Amino acid sequence: MSSIFVKDGKGPKLGCTLGFGTTLSAQLVARAGYDYVLIDMEHNPVSPREAGNLTRAVAAASGGQCQGLIRVPSHGVEWIKWALDCGASGVVIPMVQSADETEAIIQRAVYPPRGQRSFGPALAPFASIDPSDSVQKYLQRASDIAIIPMIESLNAMNELDAICSVAGITTVFIGPVDLRMSMGLRGPDGGEDSYLQALTQAVRTCKHRNIAIGIFAVDARACSKRAADGFDFVLLPGEATLLASAARAQLEDCTKA
Ligand code: 3PY
Ligand code: MG
């Protein structure tokens, strides 16, 4: 299992989404104490250059305590290569449906002999806080990088055991919003039996295979439910949601006073 999500008895590892693409908000979030951030290129027009800048800003601001994961917009080799070559601790790939797709991702993300990743992590050492870091050291730790398929459809849930059996997969991440849509349900969370059973089964499958499993949670309430379900890591909403709710709360406080 990639060391990023190895639990330390303190509940699930907690992460925050980064969608603004600005180093200032990445630094503010990294300093808050999250275990990791998800730099989101899937649903935000964050460029590969910005994703690299954020990866370095997060490492520097947190003294290396907060890990930078990059969610790429698609399975394309160029996205995966840019994300990894800038030094991300993990790459998250949306909408993975099958073991065959997972194997293709591993081929793009892992160096030979297991995969076919091309060598050239020129910027990766700068995402480390160790001043002596180098391309050679990056090669030594490359096997600890988490390649994380997103499971976010009923079809992928049914394929989960096969996806988890692909060599090189140590971690999977459930996208509840897309998963629920594929089940005919709406919203980021809910108590429907079919949904809860799907989550229970997914956690069981991953525990059986010693695979870390994470999920997005829309708020603290959903986060504590997923912690109780046994998830290893939880991703929380990012800057837009945080800023909007803090701005509203501040206004309400001051108009009440
Ligand atoms: C989903 O819930 O579909 C997600 O992708 C969360 O990040
Ligand atoms: Mg999704």
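Please refer to the structure higher up on the page.
For clarity, every value in this text was computed on a predicted model and none was experimentally measured.

S.K.: So, the side chain of His75: which residues are in play, and what are the values?
M.R.: Residue position: His75 is located in the loop between strand 3 (67-71) and helix 3 (77-85). A distance of 2.8 Å separates a polar atom in the side chain of His75 from the backbone oxygen of Pro94. Reaching out from His75, the side chain makes a polar contact with the backbone oxygen of Met95 at a distance of 3.5 Å. Discounting residues that sit within four places of it in the chain, His75 has contacts with Ile80, Ile93, Pro94, Met95, Val96, Glu101, Ile105 and Arg108.

S.K.: An account of the sheet that holds strand 2 (residues 36-40) is requested, with residue identities and associated values reported.
M.R.: With parallel pairing, the 8 strands of this closed barrel are ordered in space as 1-2-3-4-5-6-7-8. Averaged over all neighbouring strand pairs, the angle between strand axes comes to 25°, with direction disregarded.

S.K.: Tell me what's going on with the pattern of salt bridges, and back it up with residues and numbers.
M.R.: Inspection of the entire model under this criterion finds 13 salt bridges. Note that Asp161 and Arg209 form a salt bridge whose closest N and O atoms lie 2.7 Å from each other. Of the two residues, Asp161 is situated in helix 7 (residues 160-164) and Arg209 in the loop between helix 9 (193-208) and strand 7 (212-216); the sequence distance between them amounts to 48 residues. You can call Asp161 partly exposed: its relative accessible area is 36%. On the accessibility criterion, Arg209 (35% relative accessible area) is partly exposed. One salt bridge in this structure joins Asp189 and Lys225, with 2.7 Å as the shortest N-O distance.

S.K.: Go over the coordination of the magnesium ion (ligand 2) with me, naming the residues and quoting the values.
M.R.: Around the magnesium ion (ligand 2), the donor atoms from the protein are Glu152 (OE) and Asp178 (OD), and they sit 2.1 Å away. Placement of the pair is Glu152 in the loop between strand 5 (146-151) and helix 6 (154-158) and Asp178 in helix 8 (residues 176-182), with a sequence separation of 26 residues.

S.K.: Account for helix 4 (residues 99-109), with residues named and values stated.
M.R.: Considered for burial, the residues of helix 4 that qualify are Ala99, Thr102, Ile105, Ile106, Gln107 and Ala109. Its buried side turned inward, helix 4 meets helix 3, strand 4 (90-93), strand 5 and helix 7.

S.K.: Any chance you could break down the site of ligand 1 for me, citing the residues and the numbers?
M.R.: If you check the shell around ligand 1, you find Arg71, Met150, Glu152, Gly175, Pro176, Val177, Asp178 and Phe216 and nothing else. Between ligand 1 and Glu152, the relevant distance is 3.1 Å, taken from an oxygen atom to a side-chain nitrogen or oxygen of the residue. Here an oxygen atom of ligand 1 sits 2.7 Å away from a polar atom, N or O, in the main chain of Val177. When isolated, ligand 1 has an accessible area of 230 Å², and the protein chains bury 91% of it. It is helix 8 that provides the largest number of residues to the shell around ligand 1, a total of 3 residues. For the shell around ligand 1, the class distribution of residues is 4 nonpolar, 1 polar and 3 charged.

S.K.: Break down unusual backbone geometry for me, citing the residues and quoting the values.
M.R.: The residue after Pro112, namely Pro113, is reached through a cis peptide bond having omega 10°. By the secondary structure assignment, Pro113 is in the loop between helix 4 and helix 5 (135-141). The backbone of Met95 sits at a positive phi, close to 55°, despite the residue not being glycine. Its location among the elements puts Met95 in the loop between strand 4 and helix 4. Phi is positive for Asn210, which is not a glycine, with a value near 60°. Mapped onto the fold, Asn210 is located in the loop between helix 9 and strand 7. Judged by its relative accessible area of 52%, Asn210 is exposed.

S.K.: Any chance you could break down the side chain of Asp232 for me, citing the residues and the numbers?
M.R.: Relative to the elements of secondary structure, Asp232 occurs in the loop between helix 10 (220-229) and strand 8 (233-236). Asp232 gets classed as buried once you look at its relative accessible area, which sits at 7%. Here Lys207 takes part through its side chain, which lies 3.3 Å from a polar atom of the side chain of Asp232. Ignoring any residue separated from it by four or fewer positions in sequence, one finds Asp232 in contact with Phe5, Lys7, Pro12, Lys13, Lys207, Ile211, Ala212 and Ile213.

Reading the values: rules and limits
- Residues numbered from 1 in each chain as written.
- Chains lettered and ligands numbered in written order.
- Predicted model: local features only at pLDDT ≥ 70, side-chain atom pairs only at ≥ 80, totals over all residues.
- Heavy atoms only, no water.
- Helix = DSSP H or I, 4+ residues; strand = E, 2+ residues; numbered from the N terminus.
- Polar contact = N/O pair within 3.5 Å; in protein donor to acceptor, adjacent residues only side chain to side chain.
- Contact = heavy atoms within 4.5 Å.
- Pairing = 2+ DSSP bridges.
- Axes fitted to C-alpha atoms, helices over the stretch in contact; angles between N-to-C directions.
- Salt bridge = Lys/Arg side-chain N within 4 Å of Asp/Glu carboxyl O.
- Buried < 20%, exposed > 50% of the residue type's maximum accessible area, 1.4 Å probe, protein only.
- Donors = N, O, S within 2.8 Å, 3.2 Å for Na, K, Ca; no water.
- Near = heavy atom within 4 Å.
- Areas by Shrake-Rupley, 256 points an atom, 1.4 Å probe, with all protein chains shown as cover.
- Nonpolar A, V, L, I, M, F, W, Y, C, P; charged D, E, K, R; others polar.

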